[in-house]
Amino acid sequence: YMRRVLCIWGLLLVSALMFGQVKVVEKSAKRVPSWLGLSETGYIITSGESETLDEAKAHCLANIRQSIISSVAVNLTSVETYHEVADMSGKSSDINRKYQSDIEAIAASLPYISNIHIDKAEIYWRKLYDKKGRTYRYEVHAKYPFSSLEREMLIAEFKAQEQEQYNKFLALKDDYSSDFTEVEFIDRAISELHALRKYFIDAKRQNEVDALVSNYRRLYKAISIVPYSERLGEIIYYLELDGRRVTYSKKPTAKSEFATNIQVRAIEESLYKITYRYDYCLPEDENTIEVTLKFNSGTAKNTFYFDPK
């Protein structure tokens, strides 16, 4: 496709030059290179143009990078397990295009791509003057070396990054069963899983992430506020998850219809102390303090009763 575009573009340019509309006023070499407008094994041949030479080279560089990224994506889409079974409406070509696009987005972030520089290419440029428009522009052609071995190395780099990301998921899966003692651990795990969900392009891994996120969210609902000791004016409690104490840095809300000056603070050994005044509490009233702790998903509550006598 690229070869055909370049050939057509070259013919149009030659036609324009023949009619004298465009004049070559400067060029990098006396002779036009033999590779101009062709394709050659082991190389990427492309072109770009702009009002300045540097901008035209930048366009060439962008084309080179995109060609390499597309080459990797086409190979991975063809031979790897990123395919899903096409639905009954027969949209397998759409699925392939989506995978290729997604793979290109990931491949673009690989270190190899950022190390592609125009200096590695053989360059031929011309400065053109358009008589009709009275404007100048630069036309740059580039021949960049990119062997099949380099492509395979880039594919291997892509796969290594993919495995690294999946290993992060597996670690979070193992951590789910660990005896962590901070509720913030759940927050961080879910945040990391959301990032992995965006990274993964196949439904299989996305579904695995979704299932693990659901499991982590269920942990919030399993946290309970458990009384440790109580005496008039003071309540001590702890948070429990699967039979062990856990802590949470966010402060709970504590409210009461009759008690005043209610304060909650963390103390030693993963305990929390509620202090309150009961000056205006009467024995016949329903004297309670309701403690509510909101998590990112779910809420823990407990109502403590006290007798002001």
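See the structure printed just above.
Caption draft 1: Region of interest: the side chain of threonine 288. Topologically, threonine 288 is positioned in strand S11 (residues 288-294). For threonine 288, the residues in contact, after removing those within four places along its chain, are Lys255, Ser256, Glu257, Thr303, Phe304, Tyr305 and Phe306.

Caption draft 2: Quick look at the pairing of strand S5 (residues 224-231). Judged from the seven bridges that link them, S5 and strand S6 (residues 234-241) form a sheet pairing that is antiparallel. Residue glutamate 230 lies in a different strand from S6, and its bridge partner there is isoleucine 235. Here S5 folds back onto S6, and the loop between the two strands holds two residues, one of which, glycine 233, carries a positive phi near 90 degrees.

Caption draft 3: Here's a closer look at the packing of helix H6 (residues 184-199) against helix H7 (residues 203-221). It is at 10 Å that the axes of H6 and H7 come closest, and there the two elements cross at 165 degrees. Relative to H7, H6 is oriented roughly antiparallel. For the element pair H6 and H7, the recorded crossing hand is left-handed. Facing H6, whose interface residues are Phe185, Ile186, Asp187, Ala189, Ile190, Leu193, His194 and Arg197, H7 presents Gln206, Val209, Asp210, Leu212, Val213, Tyr216, Arg217, Leu219 and Tyr220.

Caption draft 4: Molecular detail of the pattern of salt bridges. This structure, assessed with the given rule, holds 14 salt bridges. The shortest N-O distance in the salt bridge between lysine 204 and glutamate 208 comes to 3.3 Å. Here lysine 204 and its partner glutamate 208 are both found in helix H7, four residues apart, which amounts to about one turn of the helix. On the accessibility criterion, lysine 204 (59% relative accessible area) is exposed. Residue aspartate 307 pairs with lysine 309 through a salt bridge whose shortest N-O separation is 3.8 Å. Under the relative-accessibility criterion, aspartate 307 is labelled partly exposed at 42%.

Caption draft 5: Focus on the nonpolar core. Judged by nonpolar contacts, the single largest core of 69 residues is most densely connected at Ile68, Ile186, Leu193, Tyr216, Tyr237 and Leu239. A per-element tally of this core places helix H2 (residues 53-79) first, with nine residues. Apart from residues lying up to four places away in sequence, isoleucine 186 is in contact with Phe180, Tyr216, Leu219, Tyr220 and Ile223. Listed in part, the five residues of the second largest apolar core include Val226, Tyr238, Ile267 and Leu271.

Caption draft 6: The sheet that holds strand S4 (residues 135-145), seen in detail. Read across the open sheet, the four strands follow the order S1-S3-S4-S2; overall the sheet is antiparallel. The strands lining the two open edges of the sheet, one partner per strand, are strand S1 (22-27) and strand S2 (43-50). Pairwise comparison of adjacent strand axes, ignoring direction, gives a mean angle of 25 degrees for this sheet. Bridge count for S1 against strand S3 (residues 122-130) is five bridges, and the pairing is antiparallel. Following the sheet pairing, glutamate 26 is matched in S3 by lysine 127.

Caption draft 7: Highlighting the pairing of S6. The buried fraction of S6 is high, at seven of eight residues. Sheet topology note: the S6/strand S10 (residues 271-277) ladder contains four bridges and is antiparallel. Bridged to tyrosine 237 within S10 is tyrosine 272. Pairing of S6 with strand S7 (residues 244-246) involves three bridges; the strand directions are antiparallel. Residue pairing in the sheet places glutamate 240 in a bridge with arginine 245 of S7. The loop that links S6 with its antiparallel partner S7 comprises two residues; one of these, aspartate 242, has a positive phi angle of about 50 degrees.

Caption draft 8: Summary view of the environment of histidine 59. For histidine 59, the position within the fold is in helix H2. Along the backbone, histidine 59 and glycine 48 are eleven residues apart, and their C-alpha atoms lie at a distance of 5.2 Å. Excluding anything up to four places from it in sequence, histidine 59 contacts Gly48, Glu49 and Ser50.

Quick notes on the rules
- Residues numbered from 1 in each chain as written.
- Predicted model: local features only at pLDDT ≥ 70, side-chain atom pairs only at ≥ 80, totals over all residues.
- Heavy atoms only, no water.
- Helix = DSSP H or I, 4+ residues; strand = E, 2+ residues; numbered from the N terminus.
- Contact = heavy atoms within 4.5 Å.
- Pairing = 2+ DSSP bridges.
- Axes fitted to C-alpha atoms, helices over the stretch in contact; angles between N-to-C directions.
- Parallel < 35°, antiparallel > 145°, perpendicular 65-115°, else oblique.
- Left-handed = near helix turned anticlockwise from the far one by under 90°.
- Salt bridge = Lys/Arg side-chain N within 4 Å of Asp/Glu carboxyl O.
- Buried < 20%, exposed > 50% of the residue type's maximum accessible area, 1.4 Å probe, protein only.
- Core = buried A, V, L, I, M, F, W, Y, C linked by side-chain atoms within 4.5 Å.

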